[in-house]
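Structure assessment
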Amino acid sequence: MPITIEVVDQGIVGEMLDEVFKYFTYVDRKFSTYKKSSEISQINDSRLKISDSSQDMQLIFKLAQQTKEETRGFFDIYHNGKYDPSGIVKGWAILEAAVILHRKGFKNFYVEAGGDVQVSGLNSQGKKWRIGIKNPFNSSEIVKVVEADSQGVATSGTYLRGQHIYNPKTGQEITDIVSLTVIGPNIYEADRFATAAFAMGKNGIEFIEKLPGFEGYMIDCKGTATMTSEFEKYVI
Amino acid sequence: MKKILLSLSLIIMFVAYILYQRLGELDNARMVAPGSGIMSNQNGNGMGGVGKQMMGSYKDGTYTGSIADAYYGNVQVQATIQGGKITDVQFLDYPQDRQTSQEINAQAMPYLKTEAIQVQSANVDIISGATQTSRAFKESLLSALNQAQG
């Protein structure tokens, strides 16, 4: 997963960013379902019990369970007999990375991984960070520009080859919508709710509307966008 | 059945709109503690345009009111406010059967806005969107490191 970090503050040196990238490597080694040696693969192959797993792994399982309850089961890391927590790990890891930078005293930066981002402070022009939402029908274009200074912005989408998201209750693939962007108080929250809301199909945007402190922008398979009632406060 | 559902949908949208307007006039009405309150709005017709800013100043809670509807007679409505926005509108006492009102509650969120997507030419700092799930994590990490050191 591509990771991009920009720190505007003075005093940032390569070693500090190395620490953040090393953290993402740690996350990948532990949670990647593509790696047979990862801790999650060991759990999925029944080589390791969840109750015997590492602190971070048990934390993720707890957070996933909590999210499942908060979304009436539309967020579920269990698919086809295996656990895949990527819908919550990504946001969590990005937020943890942002915390690393905060602890080092940096205030103006962003951390982006796989199309989800946590911003902090202002960009190099002293303005709020400008985030473009990709056109699901042409990924070299953007269809909406928002600005943020402390929020997390997460987009769930299925418009790339091989991507499928399913309604965990019916097992049906979601095809009526192709992109759902959520702006929330931080990227962990935005990511988990974007993942859950996408699994609700067109109803997902209503779920976000009912969540205080979250705004959303959903694009359906025909190119019609639906936004929550206060989304436009972020739009420039 | 469909006609009733359609009419009921229109009514709930109308009711929600009226509530949205009338809550802007709660300054003048007696407001009891959330959960038990009755919005007595004696001011009747003056529905000035109430911007979203006004909604933000109202306390979270559940408010109950009565609105006379021309077609169905008196309807009692309960509105829930969270974070300054109406998040739910429920019919409490409905002249038709209550099962129908449950379905109606699930429909019609009149605050969502739709638009055709349009390509933007503005400069941005960051792009948010679906990215290819990559097995080649190491490769992209290396190129990101190069970016950081550049």
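Structure: see above.
Within each chain, residue numbers correspond to sequence positions counted from 1 in written order. Numbering of ligands from 1 and lettering of chains from A proceed in the order in which they are written. Owing to the predicted nature of the model, reporting of local features is limited to residues with pLDDT of at least 70; listing and counting of side-chain atom pairs is limited to 80 or more, with chain, interface and lining totals taken over all residues. With hydrogens and water stripped out, all remaining heavy atoms of the structure feed into the side-chain values.

1. Considering helix α4 (residues 86–103) of chain A
Residues and elements named next belong to chain A. Strands are runs of DSSP state E lasting at least two residues, helices are runs of H or I lasting at least four, and both sets are numbered from the N terminus onward. In this analysis, the expected span of each helix is defined as 1.5 Å times one less than the number of residues it contains. Helix length check: α4, at 18 residues, gives a terminal C-alpha distance of 25 Å against a target of 26 Å (1.5 Å per residue), a fit within 8%. Any residue under 20% of the maximum accessible area for its type is buried, any over 50% is exposed, and the rest in between are partly exposed; the area is computed with a 1.4 Å probe on protein chains only. Of all the residues in α4, the buried ones are Gly87, Ile88, Val89, Lys90, Gly91, Trp92, Ala93, Ile94, Ala97, Ala98, Ile100 and Leu101. By the convention used here, residues are in contact when the closest approach between their heavy atoms is within 4.5 Å. Of the surrounding elements, those touching the buried residues of α4 are β1 (3–7), α1 (14–31), α3 (55–70), β4 (109–113), β5 (116–120) and α5 (187–198). Downstream of α4 by one or two residues, glycine 105 has phi in the positive range, about 95°.

2. Structural notes on the packing of aromatic side chains
Residues and elements named next belong to chain A. Here is the rule: rings of Phe, Tyr and Trp (six-membered ring for Trp) pair when centre to centre is within 6.5 Å. Planes less than 30 degrees apart are stacked, more than 60 are edge-to-face, and the remainder are tilted. Summed over all chains, the structure comprises 10 aromatic pairs over all chains. Centroid distance tyrosine 217 to phenylalanine 231: 5.2 Å. Interplanar angle 25°. Geometry classified as stacked. Pair noted here: tyrosine 217 is in strand β10 (residues 215–220) and phenylalanine 231 is in the segment after β11 (224–227), with a separation of 14 residues, a long-range link. Residue tyrosine 217 is classed as buried on the basis of its relative accessible area, which comes to 0%. Following the ring pairs from residue to residue traces out a cluster consisting of Tyr23, Phe24, Tyr26, Phe31 and Trp92.

3. Points about the pattern of salt bridges
Residue and element names in this part refer to chain A. Put simply, a salt bridge is a Lys or Arg side-chain nitrogen that is within 4 Å of an Asp or Glu carboxyl oxygen. For the coordinates displayed, the defined rule picks out 12 salt bridges over all chains. Notably, a salt bridge pairs glutamate 189 with arginine 192, separated by 2.8 Å at the nearest N-O pair. Taken as a pair, glutamate 189 and arginine 192 lie in helix α5 at a separation of three residues, close to a single helical turn. Here the residues in one salt-bridge network are Asp45, Arg47 and Lys82, joined through shared partners.

4. Here we look at the interface of chain A and chain B
With 59 residues of chain A in contact, the opposing surface of chain B contributes 38 residues. Buried area adds together the accessible area that both of two parts lose upon being put together, with accessible area traced by a 1.4 Å probe. Of the roughly 4500 Å² buried where chain A meets chain B, counting both sides, 58% is carbon and sulfur surface. Applying the counting rule to chain A against chain B returns two salt bridges. Between Lys144(A) and Glu115(B) there is a salt bridge, and its shortest N-O distance comes to 2.8 Å. Polar contacts here mean pairs of N or O atoms no more than 3.5 Å apart (in protein, one a potential hydrogen donor and the other a potential acceptor; neighbouring residues in sequence count only if both atoms are side-chain atoms). For the pair chain A and chain B, the number of links is 18 residue pairs in polar contact (both at pLDDT 80 or more). Top element by residues in the side of chain A that touches chain B is strand β6 (residues 129–135) of chain A. It accounts for seven residues. Ten residue types, Ala, Val, Leu, Ile, Met, Phe, Trp, Tyr, Cys and Pro, are classed as nonpolar, four, Asp, Glu, Lys and Arg, as charged, and the remainder, Gly among them, as polar. Counted by class, the side of chain A that touches chain B contains 28 nonpolar, 15 polar and 16 charged residues. With three bridges connecting them, β6(A) and strand β5 (residues 126–128) of chain B associate as parallel partners. Counted as the bridge partner of Ile131(A) is Ile126(B) from β5(B). Two strands are said to pair when DSSP picks up at least two bridges between them.

5. Some details on the sheet that holds β10(A)
Spatial strand order, β1(A)-β4(A)-β5(A)-β8(A)-β9(A)-β10(A)-β11(A)-β4(B): eight strands in an open sheet with antiparallel pairing. The open sheet terminates on both sides in strands that have one partner only, identified here as β1 of chain A together with β4 (113–116) of chain B. This sheet shows a mean twist of 10° between the axes of neighbouring strands, independent of strand direction. An axis is simply a line fitted to the C-alpha atoms; with a helix, the fit covers only the stretch in contact. Between two such axes, the angle follows the N-to-C directions and lies from 0 to 180 degrees. Contacts between α4(A) and the sheet are confined to β1, β4 and β5 of chain A, with β4(A) contributing the most and set at about 155° to the helix.

These results come straight from atomic positions and should not be treated as a statement about function.
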